[in-house]
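The lines below spell out each chain.
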Amino acid sequence: MRDVVKNTKLTEDCSKEDIKRFVDEIIPQLTLDEKIGIMSGQSTEEKLMDDLFVIEHYNMKPYPTKVIDRLGLPNVRFVDGPRGVVAGSSTCFPVSMARGASFDRELEEKIGEVIGAEIRAQGGNYFGGVCINLPRNPRWGRAQECYGEDQYHLGEMGAALTKGVQSQNVMACIKHFAMNSIENARFKADVFADKRTLHEVYLPHFKRCIEAGAASVMGAYNKVYGDQASESKLLLKDILRTMWGFEGFTLSDFIWAVKDAVKAVQNGMNIEMPSLLCYVNQLPDAVAEGRIDEKDIDEAVGYILRTILYFETRKDPKGYKADCIASAEHIAVARRAAEESMVLLKNEGNILPFHSEKTNRIVVLGVLGNTENIGDHGSSKVHPWYTVTPLRGLMRKMPTAEILYHDGNDLEKARSLAKEADAVIIVAGYIHSDEGEFLADRSDIAEMGGDRASMRLHKRDIDLIKGLKGVNPNTVVSLVGSSAILIDEWEQDVSAILFSFYSGMEGGNALADILFGDVCPSGKLPYTVAYKEDDYPEFDPDCTSITYEYYHGYAKMEKENKNVLYPFGYGLSYTTFDISAPQISSFNNKAKITVTVKNTGSRKGAEIVQLYVGCEESSVDRPVKVLKDFARIELNPGEEREVCLQVSQENMAYFDETKNEFVQEDIVYVAYIGNCSRMKDLQSVKFTFR
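A brief structural summary. Note that the coordinates shown come from a computational prediction; the quantities given were computed from them, not determined experimentally.

1. Focus on the sheet that holds strand 25 (residues 668-674)
And then number 1: Read across the open sheet, the four strands follow the order 21-20-25-26; overall the sheet is antiparallel. Because the sheet does not close on itself, it has two edges, and the strands there are strand 21 (626-635) and strand 26 (682-687). Each neighbouring strand pair of the sheet contributes to a mean axis angle of 20°, computed without reference to strand direction.
And then number 2: Inspection of the sheet shows strand 20 (residues 605-616) paired to strand 21 by nine bridges, in the antiparallel sense. Residue pairing in the sheet places A606 in a bridge with E634 of strand 21.

The structure is reproduced here in structure tokens:
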């Protein structure tokens, strides 16, 4: 229980009912200015701009709302994410998309615990970093902040992070609500979708995180059906409050999300962050003129105070001293996350792992080979006190080997170095100027961030990879980026490909451990790698209006019979696994699918068992199949273990637009189980819910 709350009559671990009674008593004692202060960030727009562009450390300290000392009322102390704590010099994890590739709920919850502890150690109590927007197209600049293309997977990983963060009595915020997946046009795009698409594709992951207890929801910048998302009655009241029963508070995206304070408050936007703008300037006159009833303001204050007081009165599981920030224990979690996230796409001739005793001369090629490259430089940027590049990681791993680095700009020099090497690692991909938060409205950083111009590598990288074709059979390409990169024009020219993402402060060490076999790769693609950009949904980064269609990702590829280079859920290992024929049982409207997984290789490794479910003779158009459960299982050589995955009839319901509700069908379903979404790699069994 925090000190400020000790000035109230509330007790440690008091009930929600006690908190509600206290808040009901305290609201009449607040002045209108105090209420609006509780509903407003206390920074200024100038301060935020200085943090972003002058001081170059946005959110160095938590951004607060108003604290009411005389009544013992604490405030929101906002810290951003999601790849770690933006404040201070905190532990930098791999980006969320990388962690999505781990398919590891337990690890993501642990990451949340670390983030929560580091926020508390820096005076914060709110984490604005559970980013669960759906990247419908890989070109979206902020795809790296999300977990992948599948809504079930998004919800599961977001729920795990939420639980971990809130275990440290830090309020978790899920964002950006809703249908936010174009960056350059985020301030002007008006997004439309039919109601079935909205409820089945773009909202279920938000609902899942609310069911996991998420304390807060952040509105988006874009419009939805003609209204600002942060002023939308449909989103903030009809869906969030009425349909889902959300009891926490809502918070706007920063500065530009709210235009009309009266409309925003009446339609359910509780806090305007982080600056004193619309609420403080518009609401006092609106109350005086009768354009808004003070009861609407009281309702918002009630949601805010009840939520804050609940978290501020919980007993802490431990103390939070500054020495926990980027501690050895926390950095070890970041390294584990990097290890579990990297996806081995190709390993022709089993050239990986390299043999340390036979590898005396290593060549690292590419401009990113020795670049500290942890991802976007916008609001999600973490400031670790060190970052291990691929070159540095290999030097630490192989201290007695001769390790040479060349940026690849001189192709003949690169070929000469590669020819004489025992191992060649080409590091190719993107940096923050290629994809990230859109900040190019300032002329001095016009090349910074935004939506990706292409899904393919830069010409320099393609020329380097193709120029080394046939020079050295022990050549690996390590791809750095957020989402799908189209690689069909050179994929056949190299023996091995490893997608390493933006892998955080320990990424170089994790990469070296995988290349030399101390870690067995286990990541699986959280997106689909197609052959052509046109295989993905339409993407217009300069649109003012756009309609999101029902199909995207692997569901779209299957529906349209498009061949893909690498399917969703795909990833190789240094060992092999056998998945037995599935056994199914159904009761209480749930189906349980059981398989036995055996490590049939010679190395310890992890397999991701995936359950997809399709429908037969549905009354509505359905995807061929959709992900409904997954499990990560680690096995020693020869070890086997039973794995049980499940799906409920409720989770297979479709949204009926005429009834405005989900409808369950008594039809035949098909369970597909295996280690990726590709049909030939799956076993199937039909079932009905009983």
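This is not the end of the story, as more comes after the structure.
2. A word on the packing of aromatic side chains
And then number 1: All chains considered together, the criterion is met by 30 aromatic pairs.
And then number 2: Between F177 and W244, the ring centres sit 6.0 Å apart and the planes meet at 55°, which makes this aromatic pair tilted. Note that F177 is positioned in strand 4 (residues 171-177) and W244 in the loop between helix 9 (233-243) and strand 9 (249-251), a separation of 67 residues in sequence.
And then number 3: The structure contains a cluster of three or more aromatic residues connected by ring pairs, namely Y58, Y63, F78, Y126, F249 and F254.
And then number 4: Above the face of the Y310 ring, R314 is positioned so that its terminal group lies 4.0 Å from the ring centre.

3. Describing the environment of Q151
And then number 1: Relative to the elements of secondary structure, Q151 occurs in helix 6 (residues 151-166).
And then number 2: On the accessibility criterion, Q151 (18% relative accessible area) is buried.
And then number 3: Not counting the four nearest positions on each side in its chain, Q151 is found in contact with L134, E200, V201, P204, H205 and H552.

4. Digging into helix 17 (residues 507-515)
And then number 1: For helix 17, a buried count of nine out of nine residues is recorded, marking the element as mostly surrounded by other parts of the structure.
And then number 2: Among the residues of helix 17, those classed as buried are G507, G508, N509, A510, L511, A512, D513, I514 and L515.
And then number 3: Against helix 13 (328-341), helix 14 (390-397), strand 13 (423-429), strand 14 (475-480) and strand 15 (496-499) lie the buried residues of helix 17.
And then number 4: G517 occupies a position one or two residues after helix 17 and carries a positive phi of about 85°.

5. What to know about the packing of helix 15 (residues 411-419) against helix 16 (residues 459-467)
And then number 1: Contact geometry for helix 15 and helix 16: axes closest at 10 Å, N-to-C directions at 45°. Accordingly, the angle class assigned to the pair helix 15 and helix 16 is oblique. Remark: the crossing between helix 15 and helix 16 carries right-handed chirality. Of the residues in helix 16, those in contact with L411, A414 and R415 of helix 15 are D463, L464 and G467.

6. Overview of unusual backbone geometry
And then number 1: Following K175, the chain continues into H176 via a peptide bond in cis, with omega recorded as -5°.
And then number 2: Position of H176 relative to the elements: it lies in strand 4.
And then number 3: In this chain, L352 is followed by P353 through a cis amide linkage whose omega measures 0°.
And then number 4: One non-glycine residue, Y225, lies in positive phi territory at about 55°.
And then number 5: Turning to its location among the elements, Y225 is positioned in the loop between strand 7 (223-224) and strand 8 (227-228).
And then number 6: Look at Y225 and you get partly exposed, because its relative accessible area is 23%.
And then number 7: The phi dihedral of N350 is positive, around 50°, even though this residue is not glycine.
And then number 8: Along the chain, the position of N350 falls in the loop between strand 10 (343-347) and strand 11 (361-365).
And then number 9: For N350, a relative accessible area of 61% puts it in the exposed group.

7. Some remarks on the pattern of salt bridges
And then number 1: Taken as a whole, this structure holds 61 salt bridges when the rule is applied.
And then number 2: R70 is the partner of E34 in a salt bridge, and the nearest nitrogen-oxygen pair spans 2.8 Å. In this pair, E34 is assigned in helix 2 (residues 32-38) and R70 in the loop between strand 1 (63-64) and strand 2 (77-80), connecting sequence segments 36 residues apart.
And then number 3: Given a relative accessible area of 12%, E34 falls into the buried group.
And then number 4: What makes R70 exposed here is its relative accessible area of 51%.
And then number 5: The salt bridge involving E156 is made with R105; its shortest N-O contact spans 2.9 Å. Here R105 lies in helix 5 (residues 105-121) and E156 lies in helix 6, a separation of 51 residues in the sequence.
And then number 6: The class of E156 is buried, set by a relative accessible area of 10%.

8. Overview of the nonpolar core
The tendency in soluble globular proteins is for nonpolar side chains to be buried as a group.
And then number 1: With 208 residues, the main nonpolar core has F78, F177, F249, F254, Y279, W490 and L515 as its most contacted residues.
And then number 2: Every residue in contact with L515, bar those within four places of it in the chain, is listed here: L352, P353, F354, L394, I425, V476, L498 and Y574.
And then number 3: In this structure, A591, V613, Y669 and F687 belong to the second largest nonpolar core, which totals 23 residues.

9. Structural notes on the side chain of T197
And then number 1: Here T197 shows up in helix 7 (residues 195-202).
And then number 2: If sequence neighbours within four positions are ignored, T197 has contacts with Y202, Y548, E549 and Y550.

10. Thoughts on the pairing of strand 10
And then number 1: Within strand 10, five of the five residues are buried, leaving the element largely enclosed by the surrounding structure.
And then number 2: Inspection of the sheet shows strand 10 paired to strand 15 by four bridges, in the antiparallel sense. When the bridges of strand 15 are listed, K346 appears paired with I497.

11. Quick look at the sheet that holds strand 5 (residues 190-192)
And then number 1: Pairing in this open sheet of four strands is mixed, and the strands run 8-7-5-16 from one edge to the other. Because the sheet does not close on itself, it has two edges, and the strands there are strand 8 and strand 16 (545-547).
And then number 2: Bridge count for strand 5 against strand 7 is two bridges, and the pairing is parallel. The residue of strand 7 that forms the bridge with V191 is V224.

The rules behind the values
- Residues numbered from 1 in each chain as written.
- Predicted model: local features only at pLDDT ≥ 70, side-chain atom pairs only at ≥ 80, totals over all residues.
- Heavy atoms only, no water.
- Pairing = 2+ DSSP bridges.
- Helix = DSSP H or I, 4+ residues; strand = E, 2+ residues; numbered from the N terminus.
- Axes fitted to C-alpha atoms, helices over the stretch in contact; angles between N-to-C directions.
- Phe/Tyr/Trp six-rings, centres within 6.5 Å; stacked < 30°, edge-to-face > 60°.
- Lys NZ or Arg CZ within 6 Å of the ring centre and 35° of its normal.
- Buried < 20%, exposed > 50% of the residue type's maximum accessible area, 1.4 Å probe, protein only.
- Contact = heavy atoms within 4.5 Å.
- Parallel < 35°, antiparallel > 145°, perpendicular 65-115°, else oblique.
- Left-handed = near helix turned anticlockwise from the far one by under 90°.
- Salt bridge = Lys/Arg side-chain N within 4 Å of Asp/Glu carboxyl O.
- Core = buried A, V, L, I, M, F, W, Y, C linked by side-chain atoms within 4.5 Å.

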